[in-house]
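# Descriptive analysis of the structure
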Amino acid sequence: MVKWSISILLIMLLNLAVTSLGNVPNFDYHAFYFIHQWLPSYCNQKGTKCCYPPTGRPAADFTIYGLWPYNDGGNSLQNCPGSSYDVAPLKAIQNMLQKDWPSLTCPQIGRKFWLHEWNKHGTCSKSVLDELAYFHAASNMKNKLNIFEALSKARIIPNNQFYQVENIKAAITQATGYRPFIFCNHDAEGNSQIWQVIFCVDKSGTKLVNCSGSPQGQCAYSTVKFPSY
Ligand code: 5GP
C-alpha cells in the first residue's frame, strides 16, 4: 500500500515538473530590436492595398512595427514555446495600440496584427515582460523617441522629396542619443523610400542601448524618398 502511494506521488511530481517546464520559455534573449514603420511606405508598394481602421486614418507619424527579442548573436527569436493568443489583456489598451501600433492591411485585420507580433516575437521575452507589459513598453518607447518630431525639427518631412539617409540618421541620433538603423523598400514606381527605423532596447524594454550587432537588410541607398501621408 505504502509502495503504491509512493509510486503515485512520484508520478504526480513528474507530471507537475513536465507541465511547468512546458510553460517556462527556455529561450534567453539579450535585448530587443525596436522597429518603427512609415505606413505610407508599406501601403504604396506594388500590389499592396491599404484600408483605414474603423477609427479612421491614423495621425501622420512613425508607428510601431514590432519589438523583437534577439539573442547574443543578434538573431531575432521567434515562435517560442508557450505562445498563446490572449485577447483579454489588449482590451484595456486598445486605444493606445490603435494610435501607436496600427495596421492598415486590407481587409482590416484589427487586433490580429498585435496578436501576431506578440505570438511570433513577444512570447520570446515572456520571462521578463508579460503581454500587457510588452505592449506598454513598446508604446512608451515610441512616444519617448518621437522620431517624426526629431525629423521635422531637421526639416525632414513627408513631402515626397528625397533625403540623404545620412542626414536622417544624424537628425534622429541628435534627438535620441542613439544612431538608428534604416531599412528602405520601393514604391510602385521603383523609388527607394524610408520604411523602417530600428533601435536596440534593453531586456526590460525601457532603455535604448547600443546594438550588439547589425540587423541584416539595412538600406543600401544614399538617398531615400520620404513619401507623403
Ligand atoms: P512579421 O512580424 O511576421 O515579420 O511581419 C508582420 C506581418 O504582419 C506580415 O505578415 C504583414 O503582412 C502583417 N501586417 C499586418 N499589418 C501590418 C502593418 O501595418 N505593417 C507591416 N509591416 N506588417 C503588417
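Keep in mind it's a predicted model, so treat the numbers as computed, not measured.

### Quick look at the site of the ligand
Near the ligand you find 16 residues, and of these Gln37, Ser103, His116, Glu117 and Lys120 are the closest. With respect to the ligand, the side chain of His121 contributes an N or O atom lying 3.1 Å from an oxygen atom. Burial of the ligand by the protein chains amounts to 77% of its free accessible area of 510 Å². Those elements that place two or more of their residues in the shell around the ligand are α2 (39-43), β2 (63-70) and α5 (112-120). The class makeup of the residues in the shell around the ligand is nine nonpolar, five polar and two charged.

### As for the layout of surface pockets
If you add up the space inside the largest pocket, you get close to 220 Å³. In this structure, the largest pocket is lined by 15 residues; those nearest its centre are Tyr33, Gly74, Phe183, Pro215 and Gln216. Taken together, the residues that form the lining of the largest pocket break down as seven nonpolar, eight polar and no charged. Its volume calculated, the second largest pocket comes out at about 160 Å³. Residue lining of the second largest pocket: Pro53, Pro54, Gln94, Gln98, Pro102, Ser103, Gln108, Gly110, Arg111 and Trp114, and that is the complete set. Residues belonging to the lining of the second largest pocket are distributed by class as follows: four nonpolar, five polar and one charged.

### Topic: the pairing of strand β1 (residues 31-37)
Taking burial as the measure, the seven residues of β1 include seven buried ones, the bulk of the element. Here seven bridges tie β1 to β2, and the two strands are oriented antiparallel to one another. In the strand pairing of β2, Phe34 is matched with Leu67. As paired elements, β1 and strand β5 (residues 192-201) share six bridges and run antiparallel to each other. Along β5, the bridge assignment pairs His36 with Val197.

### Concerning the nonpolar core
Phe62, Trp101, Phe135, Ile168 and Phe226 are the most contacted members of the largest nonpolar core, which totals 44 residues. Elements represented by at least two residues in this core include exactly β1, β2, α5, α6 (131-145), α7 (147-153), α8 (165-176), β4 (181-186) and β5. Looking at this core element by element, the count peaks at six residues for α6. With sequence-adjacent residues up to four places away left out, Phe226 is seen in contact with Trp38, Phe62, Phe148, Leu151, Ile156, Ile157, Pro158, Asn159, Asn160, Gln161, Tyr163 and Ile194.

### Some thoughts on the state of the cysteines
Taken as a whole, this structure holds five disulfides when the rule is applied. Across a sulfur-sulfur distance of 1.6 Å, Cys51 and Cys106 are joined as a disulfide pair. Note on the Cys51 and Cys106 pair: the S-S dihedral is about 85 degrees, so by sign convention the disulfide is right-handed. Here Cys51 is found in the loop between α2 and β2, whereas its partner Cys106 is found in the loop between α4 (94-100) and α5, with 55 residues between them in sequence. Taking the relative accessible area as the measure of exposure, Cys51 reaches 24% and is therefore partly exposed. Classification of Cys106 as partly exposed rests on a relative accessible area of 26%.

### A look at the environment of His136
With respect to the helices and strands, the residue His136 is situated in helix α6. A relative accessible area of 31% places His136 in the partly exposed class. Those residues within four positions of His136 in sequence are excluded, and the remaining contacts are Ile93 and Met96.

### Here we look at α6
End to end, α6 covers 22 Å across 15 residues, agreeing with the expected 21 Å (1.5 Å per residue, within 8%). Listed as buried for α6 are Glu131, Tyr134, Phe135, Ala137, Ala138, Ser139, Met141, Lys142 and Leu145.

### Re the confidence of the model for the chain
Per-residue pLDDT for the chain has a mean of 88; in total, 88% of the residues score no lower than 70. In this model residues 4-26 is a low-confidence stretch, pLDDT under 50, and it forms four contacts with partners more than four residues away in sequence or in other chains.

The rules we used
- Residues numbered from 1 in each chain as written.
- Predicted model: local features only at pLDDT ≥ 70, side-chain atom pairs only at ≥ 80, totals over all residues.
- Heavy atoms only, no water.
- Near = heavy atom within 4 Å.
- Polar contact = N/O pair within 3.5 Å; in protein donor to acceptor, adjacent residues only side chain to side chain.
- Areas by Shrake-Rupley, 256 points an atom, 1.4 Å probe, with all protein chains shown as cover.
- Helix = DSSP H or I, 4+ residues; strand = E, 2+ residues; numbered from the N terminus.
- Nonpolar A, V, L, I, M, F, W, Y, C, P; charged D, E, K, R; others polar.
- 1 Å grid on protein atoms, 1.4 Å probe; cavity = no way out; pocket = protein on both sides within 12 Å on 5 of 7 lines; lining within 4 Å.
- Points joined across faces, edges and corners; volume = space filled by probe spheres on them.
- Buried < 20%, exposed > 50% of the residue type's maximum accessible area, 1.4 Å probe, protein only.
- Pairing = 2+ DSSP bridges.
- Core = buried A, V, L, I, M, F, W, Y, C linked by side-chain atoms within 4.5 Å.
- Contact = heavy atoms within 4.5 Å.
- Disulfide = S-S within 2.5 Å.
- Expected span 1.5 Å × (residues − 1).
- pLDDT = per-residue confidence, 0-100.

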